[in-house]
Amino acid sequence: MGFEILRPGALSTVQDKGRRGFLNQGFQESGACDKYSMKLANLLAGNLEEPETAAVIEFTLKGGELRFTSDEIIAITGGDMKPTINGSPVPMFSPILVRQGDILTMELAVSGLRAYMAVYGGIKVPSVMGSRSTNLKCRIGGLEGRQLMEGDYLESGGGTRRFKKIAKRLRGNKKQAAAGEVEPWMRRSSTPYRFYGNEPIVLLRAVMGPQEDAFTALGLKTLVRSPFRLSSDCDRMACRLEGEPIEMKNGADIISDGIAEGSVQISSDRLPMVLMADHQTTGGYAKIATVISTDIPALAQLKPGEWVAFQYVTPGEAVAICRKEADKLDKLKEWLMNTVYRQPL
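From a predicted model like this one, the values you see are computed outputs, not experimental measurements. (Residues numbered from 1 in each chain as written. Predicted model: local features only at pLDDT ≥ 70, side-chain atom pairs only at ≥ 80, totals over all residues. Heavy atoms only, no water.)

A.B. asks: Before we go on, may I ask you to explain the overall build of the protein chain in this structure?
C.D. replies: Helices and strands together make up the secondary structure of the protein chain, namely six helices and 22 strands. Taken over C-alpha atoms, the radius of gyration comes to 21 Å for the protein chain, in line with the 20 Å a tight globule of 345 residues would show. Taken along the three principal axes of its C-alpha coordinates, the protein chain extends 65 × 40 × 35 Å. Counting every position in the protein chain, which comprises 345 residues, the buried fraction comes to 54%. The contacts in the protein chain between residues at least 6 apart in sequence include a share of 76% that link residues at least 24 apart. In the form shown here, the protein chain has an accessible surface area of approximately 14900 Å², with 52% of it arising from carbon and sulfur atoms. Here the protein chain holds 44 positive side-chain charges and 40 negative ones, and the gap between their average locations is 6 Å. (Helix = DSSP H or I, 4+ residues; strand = E, 2+ residues; numbered from the N terminus. Rg over C-alpha atoms; globule rule 2.2 N^0.38 Å. Buried < 20%, exposed > 50% of the residue type's maximum accessible area, 1.4 Å probe, protein only. Contact = heavy atoms within 4.5 Å. Areas by Shrake-Rupley, 256 points an atom, 1.4 Å probe, with all protein chains shown as cover. Lys, Arg positive; Asp, Glu negative; His and termini not counted. Charge placed at Lys NZ, Arg CZ, Asp CG, Glu CD.)

In structure tokens form, the structure reads like this:
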């Protein structure tokens, strides 16, 4: 059970929600950059009980090509890389039954930056410190701690009696898979937009601090009043932004302290950078704010040259937004259990 990598694409890695609880030992959390799309893919592929911990493939910019060595149920979410199977287009955001020998091809992303492919039962690689996520800097997790390469083979967790029953039903009723296709409003995280003229740009909601005292009143206002453009220096570690400089009181340097995904550091050039999944464990630049977890997926799908804006929210508002997003995925899970993966089988 599994699939072989024929062409790996620009950067393809095995990811899950990340490696939590080891920052004090110097290990980054890693995990999917767009955790919403990762969880959505897992739910659609039938991993209803473990949408955060079942490992998926994260494709960046270009997806490449792979061959299935067994029947599988898969789902593809996130950026649109025009997926095809044996040359024929297949839908995203829907369960897909693939057969042994089928070849999945994913090209350059026409929208978004990262796509996620989940398989029923998850991708079976060793768990390292409670996670299967690839940490490229520490070379742990995933497949030998590295990005995927041509000739790699990954096993899936399918092949169970339940899988065979689901696959048989999908094979006999092609409309059944289409019943699991999610509505457009559910395909992305619920990140809002701000309009500059007629142009909508992603609005990143953020909690102020923890070093807001390092900035002048003007600097704090500049972050939320001015749009910022993603520079070419963006990767899984951080997104550096270009725009109006942030005014500080006494420079950017602080005594190094902890970093979280979403931390907005202001470096010595007085421009913001948002820390992403592979962020360092500590940092010595003042942090003006922290982007809330529900909005990081939208940032993870932007390419260099695209724009973002910021808006301050309170911790209480951030928690309420997070709970609302979780409720959305819970409703999807319940819907899938009553359609594609309904009981009894």
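Back to the write-up after that little detour.
A.B. asks: I'm lost on the environment of A10 in this one. Help?
C.D. replies: Turning to its location among the elements, A10 is positioned in the loop between strand 1 (2–7) and strand 2 (11–15). A sequence separation of 98 residues divides A10 from L108, and the C-alpha atoms of the two residues are 9.1 Å apart. Among all residues touching A10, those that are not within four sequence positions of it are T60, L61, K62 and Q147.

A.B. asks: Please explain the packing of helix 1 (residues 35–44) against helix 6 (residues 315–337) as it appears in this structure.
C.D. replies: At their nearest, the axes of helix 1 and helix 6 sit 10 Å apart, and the two run at 15° to each other. In terms of orientation, helix 1 and helix 6 fall into the roughly parallel class. Between helix 1 and helix 6 lies a crossing of right-handed hand. Contact residues: helix 1 offers Y36, K39, L40, L43 and L44, while helix 6 offers E325, K328, L329, L332, K333 and L336. Here the residues of the contact of helix 1 with helix 6 sort into seven nonpolar, no polar and four charged. (Axes fitted to C-alpha atoms, helices over the stretch in contact; angles between N-to-C directions. Parallel < 35°, antiparallel > 145°, perpendicular 65-115°, else oblique. Left-handed = near helix turned anticlockwise from the far one by under 90°. Nonpolar A, V, L, I, M, F, W, Y, C, P; charged D, E, K, R; others polar.)

A.B. asks: Can you walk me through the side chain of E58 in this structure?
C.D. replies: As for its position among the elements, E58 is in strand 3 (residues 56–60). Overall, E58 belongs to the buried group, its relative accessible area being 0%. A distance of 2.9 Å separates a polar atom in the side chain of E58 from the backbone nitrogen of C33. Among the polar contacts listed, one links the side chain of E58 to the side chain of R236, at a separation of 2.7 Å. (Polar contact = N/O pair within 3.5 Å; in protein donor to acceptor, adjacent residues only side chain to side chain.)

A.B. asks: How should I be thinking about the packing of aromatic side chains in this particular structure?
C.D. replies: Per the stated rule, a full pass over the model turns up three aromatic pairs. Geometrically, the ring pair formed by F228 and F310 is edge-to-face, given 6.0 Å between the ring centres and 70° between the ring planes. Of this pair, F228 sits in strand 15 (residues 228–234) while F310 sits in strand 22 (residues 307–313), and the two are 82 residues apart along the sequence. Side by side, F228 and F310 carry an identical accessibility label, which is buried. (Phe/Tyr/Trp six-rings, centres within 6.5 Å; stacked < 30°, edge-to-face > 60°.)

A.B. asks: Hey, could you run me through the environment of S231 in this one?
C.D. replies: Mapped onto the elements, S231 comes out in strand 15. Judged by its relative accessible area of 8%, S231 falls in the buried class. When the C-alpha atoms of S231 and K303 are compared, they prove to be 8.7 Å apart, with 72 residues separating the residues in sequence. Once residues within four sequence positions are removed from consideration, S231 is found in contact with R240, E242 and P304.

A.B. asks: Before we go on, may I ask you to explain the sheet that holds strand 9 (residues 103–108) in this structure?
C.D. replies: Hydrogen bonds along the backbone pair up the strands of a sheet, which may run parallel or antiparallel. What the seven strands build is an open sheet, ordered 7-6-9-4-1-12-11; its pairing is antiparallel. The open sheet has two edge strands with one neighbour each: strand 7 (88–89) and strand 11 (123–124). With two bridges connecting them, strand 11 and strand 12 (residues 153–156) associate as antiparallel partners. From the neighbouring strand, I123 faces strand 12, where its bridge partner is S156. (Pairing = 2+ DSSP bridges.)

A.B. asks: Explanation requested: the environment of G305 in the structure shown.
C.D. replies: By the secondary structure assignment, G305 is in the loop between helix 5 (296–300) and strand 22. Leaving out residues up to four positions away in the same chain, G305 has contacts with R229 and L230.

A.B. asks: For this particular structure, what's the right way to read the layout of surface pockets?
C.D. replies: Over the atoms rolls a probe the size of a water molecule, and its path tells where empty space is left. Empty space within the largest pocket amounts to approximately 590 Å³. Taken together, 25 residues form the lining of the largest pocket, with K35, K39, E52, S293 and C322 sitting closest to its centre. Of all the elements in the fold, those that place two or more residues in the lining of the largest pocket are helix 1, helix 5 and helix 6. Ranked by the residues each element gives to the lining of the largest pocket, the list is headed by helix 6, at six residues. Its residues assigned to classes, the lining of the largest pocket comprises twelve nonpolar, three polar and ten charged. (1 Å grid on protein atoms, 1.4 Å probe; cavity = no way out; pocket = protein on both sides within 12 Å on 5 of 7 lines; lining within 4 Å. Points joined across faces, edges and corners; volume = space filled by probe spheres on them.)

A.B. asks: In this structure, what is going on with the nonpolar core? I would like to understand it.
C.D. replies: Nonpolar side chains in soluble globular proteins tend to be buried together. Among the nonpolar cores identified, the biggest contains 85 residues, and F3, M117, V308 and F310 are the most heavily contacted of them. Sort the elements by how many residues they give to this core and helix 1 lands first, with six residues. Not counting residues up to four positions away in its chain, the partners in contact with V308 are I201, V202, L204, P227, F228, L230, L241, L299 and L302. (Core = buried A, V, L, I, M, F, W, Y, C linked by side-chain atoms within 4.5 Å.)

Fair warning: the whole summary comes from geometry, so function is off the table for now.
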